[in-house]
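# Geometric and topological summary
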Amino acid sequence: MKFIPILLIIISALYIPGIISMVKAKTGGRKMPSLFQPIYDVVKLFRKNTIYSRLTGFVFKIAPIVYFSSVLTCLLVIPFGEFGGILSFKGDFIVFSYLLALGKFMMILAAMDTGSSFEGMGANREALYSWLVEPAFFILMGSTALFTDITSFEELFGMLHQKSSLAFSVNIAAIFILFFIAMTENSRMPVDDPKTHLELTMVHEVMILDNSGFDLALYQMASWLKFSIYGTFISNLLINPGLPIYIQVLWFFSILLLYSVVIGILESFSARNKMAKNTQWIINLMAVAVIVFLISMMITEKLILN
Amino acid sequence: MNSDIFNIALLASLFIFFSPKRWLYYPTTAFSLIVAAITTFWAVRAFVNTEPEIIRFATIFDYKLNFIVDQLSAFFIITINFTVLTALVYSKGYLKPYYPKKNKTETALHYFSFFWLQVSMLAVVMLRNAFGFMIFWEIMSLSSFILVIFESEKRETIKTGLSYLIQMHIGFVFILSAFLISYSGEGTEFGFDALERYFTEYQPILIFVLFFIGFGTKAGFIPFHSWLPHAHPAAPSHVSGIMSGVMIKMGIYGILRVLTYIHYQLEVIGIILLTFSIFSAVFGILTASFQHDYKKLLAYCSIENIGIIGIGISIGVIGMAYNLPILANLGFAGGLLHILNHSLFKSLLFFASGNVYSQTHTRNIELLGGLGKKMPFTAGIFLVGALAISGLPPFNGFISEFLMYSGLFQSLQSADITSVTFILIVFTTLALIGGLSIFSFTKLYGVIFSGHPRSEAVDDAKETGWVMRIPLLVITIVILLIGLAPSIFLYPLSQIVAQFTGSNSYIVETRPILNQISLTSGIFIVFAGILWFLRSLYFKKQAPLTGPTWGCGYTGADPATHQYTSSSWSSAMSSISYHFVNKKKNYRSIPGDEIFPAPRSFVSKTTDIIEEYIIKRPVRKLMLGLEKSAVFQTGKIQHYLLYALLFMIIICIIGILNII
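Residues numbered from 1 in each chain as written. Chains lettered and ligands numbered in written order. Predicted model: local features only at pLDDT ≥ 70, side-chain atom pairs only at ≥ 80, totals over all residues. Heavy atoms only, no water.

From N to C terminus, chain A includes 11 helices and 1 strand. Along chain A, helices and strands appear, N-terminal first, in the series α-α-β-α-α-α-α-α-α-α-α-α. For chain A, the spread of C-alpha atoms along the principal axes amounts to about 65 × 40 × 40 Å. Considering chain A as a whole, with its 306 residues, one finds that 65% of them fall into the buried category. In chain A, 79% of the contacts between residues at least 6 apart in sequence involve partners at least 24 apart. Within the structure as shown, chain A displays about 11000 Å² of accessible surface, and the carbon and sulfur contribution to it stands at 67%. Here chain A contributes 21 positively and 19 negatively charged side chains, and the mean placements of these two sets differ by 8 Å. (Helix = DSSP H or I, 4+ residues; strand = E, 2+ residues; numbered from the N terminus. Buried < 20%, exposed > 50% of the residue type's maximum accessible area, 1.4 Å probe, protein only. Contact = heavy atoms within 4.5 Å. Areas by Shrake-Rupley, 256 points an atom, 1.4 Å probe, with all protein chains shown as cover. Lys, Arg positive; Asp, Glu negative; His and termini not counted. Charge placed at Lys NZ, Arg CZ, Asp CG, Glu CD.)

Okay, structure coming up:
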């Protein structure tokens, strides 16, 4: 039973990118690609040769591996409903967040290793944005921790459902934050446009310009998994763990479907932030997280307003 | 027990001056090893017996100076000995190029001071009597001063050294006055033990603030830090490693020792400590991210880490004040473990940067680059240090930060509104600091070791000899040990925490959590190993090719000049934090009527605003005022006689009017 969350995440990771590109094609008036097009692309990458730049050294070679294994390890702590992750312990979300940071650290260094000004620029932006997004996640987790003294992912999400209907208002804000953390972490729309063709305006794409073959495939798959992980967080906030298991799973897939459709629509109809505005935009997330924290303080009757 | 062998080693250390220049290293090592062995033995006994060891040391003016080794002292003793011994081995390789330049006395003095720095630090953590404590505190400042000015032929080094010496003595005055006040209030004892009874009658705030300023100057809390970013770069690398790794922790030791005696008004003390710590941590790492001198960057990062240690201690104190035992226990545990962790990765980083300096002879990272290929060992070690200092798993820095986070999050539910606010501030700060250190250290590693060389300083660089590698390897092993198996360090840690909080049951409860973290790290490593194996299989089938870096199809650009530099890296940060960094650009713009523009240069630099506005500017203003008062100094004897007459008249008037 412990493998249920991990199984669900991997299955949804396989179709989320496909659905996003299908929605984007449809709204853009193009012919929709196959649902499995991203998977075909990765399979193709595995068949291709890997090319390394002459300037790169060992950091460039280990970075994709560290990045992908950090995401894989993170999968183990993600709960689904009442099913905890394979590893579930107090403070597992701290390990989660710092493991992802480890992967990112190596990816940034790998980009610096190529000696390209483009990639340095992307790395620099990535370092800045991930610095700013981290507190928002911690404040969000802190506000759920107000409800319980047991601070593992599993308990945090479980507890929210047992509290009063006021907790529901927290949920909406929390979903908003998690959604945009997911977008920032994956370098998607308001922060970064994955479809841009100018290196100067890229963030994530420019960092992996010199990766090819096996390494690039790892980066792509890690990105799918990350999408799916944050989608699972959101579904955990919504699904009532009291329901029978098959209904929960049904809910899960429909929520993740909706999640990817929303991402697709958002990406089709919004423009990317100006680079200089991104920092402000991400700090806004932190501000919303502080509001969530304050509301949680009110719900737990620590902060009483007269 | 007595300390005869210890004392003999101290006396025999004079022998260093009489040994031939080529063999200077060996007597120092011998004495250092003897002292380390004895003190470590005492420390281990203190942990095993769980009660303080009392050792007769000396008698000065009928004052019996005893070494008292409790668990807190024992912890510091082990940390000091480990760092000093690794630094000693490292110094053998690092000082080799300096041997032809320095005469015998200079080298001998260096080693002699090195030994006495170790002895004085050990004595400081073992002595409770203020006489002995202050004597060794002074020896510590003097010996480290001599070590800092090793390259005394440079004018800048002497200036830095003197500034260090002066600031240490200002700190000395504060500590001494705190001891004197507690002595005058209590009357029988002169030392830390007087505090116990003093605090039962008087408020602890004043004494604590005096101690905090005195010890904080040593530790480098902002705004008492202004010696630190200058002294660390000026000193040779093995000395910077010791100074940053353990010597500044003596200030932390002092604060911790004082805290063991304070049992009430903890709330105010916690808030004072927390404010300074948060400020030091955030400001330290923010300023670090703008430095182009790698040793200066590491020095500012030390300020940040002192801040993190301070945050751990202060949330411990706040936890005690607000009756949150989990926060108290895990806060102290995190702070204490971070002392050990910082001593490990900071000395590692200083030694590794010493390797870079010994090969390239520059501290400016804008001239470096591409060293990862020429010095793969140093690069790998530096990477470990950078990951550890950024608090990333599976390295040791993560464990201490995890303990703090875990204390904070677990106390949220039972905390009231005031303490919840503190907790919110602290964990947000910790998350911000974590991200900022990633920002700074990706820059530091990326600019020094990655990409293409930026100047010819790198051309002749090659990997250093084994003497300069083995100590780094040893430290790395300990870092990995703490990172992968933290629970074996939990038992000694819980004993020290009990000295502050009285109980340690919550730390024992943390053991299964830490085991889970070890398991997670293990799984991570296994995953990485499997992937590596799969990729090498894949590469056997399809051998990887090499080519130029992608440059939009244009390969003519010279990567040496087109790479991202340290300045461009930090400019992203300066766009959102310009108020705190005071970035100055020195550039003359081209006027419209200048048809053939003359050569121009562009220099941008950032200054430490605290140092600038709190120390340098007031001092400059004061100097201006004092220079004006120089009109009285005419050099004519008649005028001076007149001053004396005036003075006597004023005294008479004051006397007649009964003003004093």
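Let's shift gears to the nonpolar core. In summary, soluble globular proteins display a tendency toward joint burial of nonpolar side chains. Core analysis: the biggest nonpolar cluster contains 336 residues, and Phe96(A) and Phe427(B) have the highest contact counts within it. Excluding anything up to four places from it in sequence, Phe427(B) contacts Phe138(A), Ile139(A), Gly142(A), Phe293(A), Tyr405(B), Leu408(B), Phe409(B) and Leu412(B). (Core = buried A, V, L, I, M, F, W, Y, C linked by side-chain atoms within 4.5 Å.)

Turning to the environment of Lys48(A), a few remarks are in order. Topologically, Lys48(A) is positioned in the loop between helix 2 (37-47) and strand 1 (51-53). Those residues in contact with Lys48(A) that lie beyond four places of it in its chain are Gly213(A), Tyr538(B) and Gln542(B).

Let us now look at helix 10 (residues 245-269) of chain A. For an α-helix the count is 3.6 residues per turn, leaving residues at separations of three or four pointing the same way. Here helix 10 of chain A is 25 residues long and its end C-alpha atoms lie 36 Å apart, about the 36 Å a rise of 1.5 Å per residue gives. Among the residues of helix 10 of chain A, Gln248(A), Phe252(A), Ile255(A), Leu256(A), Tyr259(A), Ser260(A), Ile263(A), Gly264(A) and Glu267(A) are the ones counted as buried. (Expected span 1.5 Å × (residues − 1).)

It is worth spelling out the interface of chain A and chain B at this point. The extent of an interface is frequently quoted as the accessible surface area lost upon association of the parts. With 80 residues of chain A at the contact, the number on the chain B side is 79 residues. Taking both sides of the interface into account, the surface hidden between chain A and chain B amounts to around 7100 Å²; carbon and sulfur atoms contribute 73%. Per-residue buried area on chain A facing chain B is highest for Tyr98(A), Phe105(A) and Trp131(A); these three make up 11% of the total on that side. Here chain A and chain B share 1 salt bridge between them. (Buried area = accessible area lost by both parts, 1.4 Å probe. Salt bridge = Lys/Arg side-chain N within 4 Å of Asp/Glu carboxyl O.)

This part covers the pattern of salt bridges. Applying the stated criterion across every chain yields a total of 15 salt bridges over all chains. Salt bridges sharing partners connect three or more residues here, namely Asp70(B), Arg128(B), Asp193(B) and Arg257(B).

Moving on, we get to the environment of Pro17(A). Residues and elements named next belong to chain A. Looking at the secondary structure, you find Pro17 in helix 1 (residues 4-27). Look at Pro17 and you get buried, because its relative accessible area is 15%. For the pair Pro17 and Phe105, spaced 88 residues apart in sequence, the C-alpha separation works out to 24 Å. Once you skip the residues sitting within four places of it in the chain, Pro17 turns out to touch Pro38 and Trp224.

This part covers unusual backbone geometry. Here the amide bond leading from Ile222(B) into Pro223(B) is cis, since omega sits at 5°, within 30 degrees of zero. Tracing the chain through its elements places Pro223(B) in the loop between helix 8 (205-219) and helix 9 (228-234). Between Pro393(B) and the following residue, Pro394(B), the backbone shows a cis peptide bond with an omega angle of 0°. As for its position among the elements, Pro394(B) is in the loop between helix 16 (376-389) and helix 17 (396-411). One non-glycine residue with positive phi stands out, namely Glu301(A), at about 60°. Within the element layout of this structure, Glu301(A) appears in the segment after helix 11 (275-299).

Here the focus is the confidence of the model for chain B. If pLDDT is low for a region, its predicted coordinates should not be looked at in detail. Mean pLDDT for chain B: 91, with 100% of residues reaching 70 or above. Two summary scores accompany this predicted model of the complex, namely pTM at 0.94 and ipTM at 0.95. (pLDDT = per-residue confidence, 0-100.)

Residues and elements named next belong to chain A. Along the polypeptide, Ser260 turns up in helix 10. Judged by its relative accessible area of 0%, Ser260 falls in the buried class. Ignoring any residue separated from it by four or fewer positions in sequence, one finds Ser260 in contact with Ile16, Ile19 and Ile20.

This part takes up the packing of aromatic side chains. Residue and element names in this part refer to chain B. Following the criterion strictly, the structure yields 84 aromatic pairs over all chains and no others. Seen in terms of ring centroids, Trp42 and Phe67 are 5.9 Å apart; in terms of plane orientation they differ by 50°. Their pairing is tilted. Here Trp42 is found in helix 2 (residues 25-49), whereas its partner Phe67 is found in strand 2 (residues 63-69), with 25 residues between them in sequence. An identical accessibility class is assigned to Trp42 and Phe67; each is buried. The ring centre of Tyr25 lies 5.7 Å from the NZ or CZ of Lys92, which sits over that ring. Lying across the ring of Phe150, Lys102 places its NZ or CZ 4.9 Å from the centre. (Phe/Tyr/Trp six-rings, centres within 6.5 Å; stacked < 30°, edge-to-face > 60°. Lys NZ or Arg CZ within 6 Å of the ring centre and 35° of its normal.)

What follows covers helix 18 (residues 417-449) of chain B. All names here are of chain B. Look at helix 18: 47 Å from first C-alpha to last across 33 residues, which is about the 48 Å you get at 1.5 Å a residue. Here helix 18 lies mainly inside the structure; 28 of its 33 residues are buried. Of the residues flanking the end of helix 18, it is Gly451, one or two places downstream, whose phi is positive at about 70°.

This next bit is on the packing of helix 2 of chain A against helix 9 (residues 213-238) of chain A. All names here are of chain A. Two elements in contact, helix 2 and helix 9, have axes whose closest approach is 8 Å; the angle formed by their N-to-C orientations is 155°. Taken together, the axes of helix 2 and helix 9 lie roughly antiparallel to each other. The hand of the helix 2/helix 9 crossing is left-handed. In this structure, helix 2 uses Pro38, Ile39, Val42, Leu45 and Phe46 to contact helix 9, whose residues at the interface are Gly213, Phe214, Leu216, Ala217, Gln220, Met221 and Trp224. Of the residues in the contact of helix 2 with helix 9, the class split is 10 nonpolar, 2 polar and no charged. (Axes fitted to C-alpha atoms, helices over the stretch in contact; angles between N-to-C directions. Parallel < 35°, antiparallel > 145°, perpendicular 65-115°, else oblique. Left-handed = near helix turned anticlockwise from the far one by under 90°. Nonpolar A, V, L, I, M, F, W, Y, C, P; charged D, E, K, R; others polar.)

Residue and element names in this part refer to chain B. For Lys541, the location among the structural elements is in helix 21 (residues 505-541). With a relative accessible area of 70%, Lys541 lands in the exposed category. In sequence terms Lys541 and Ser237 are 304 residues apart; their C-alpha atoms lie 46 Å from each other.

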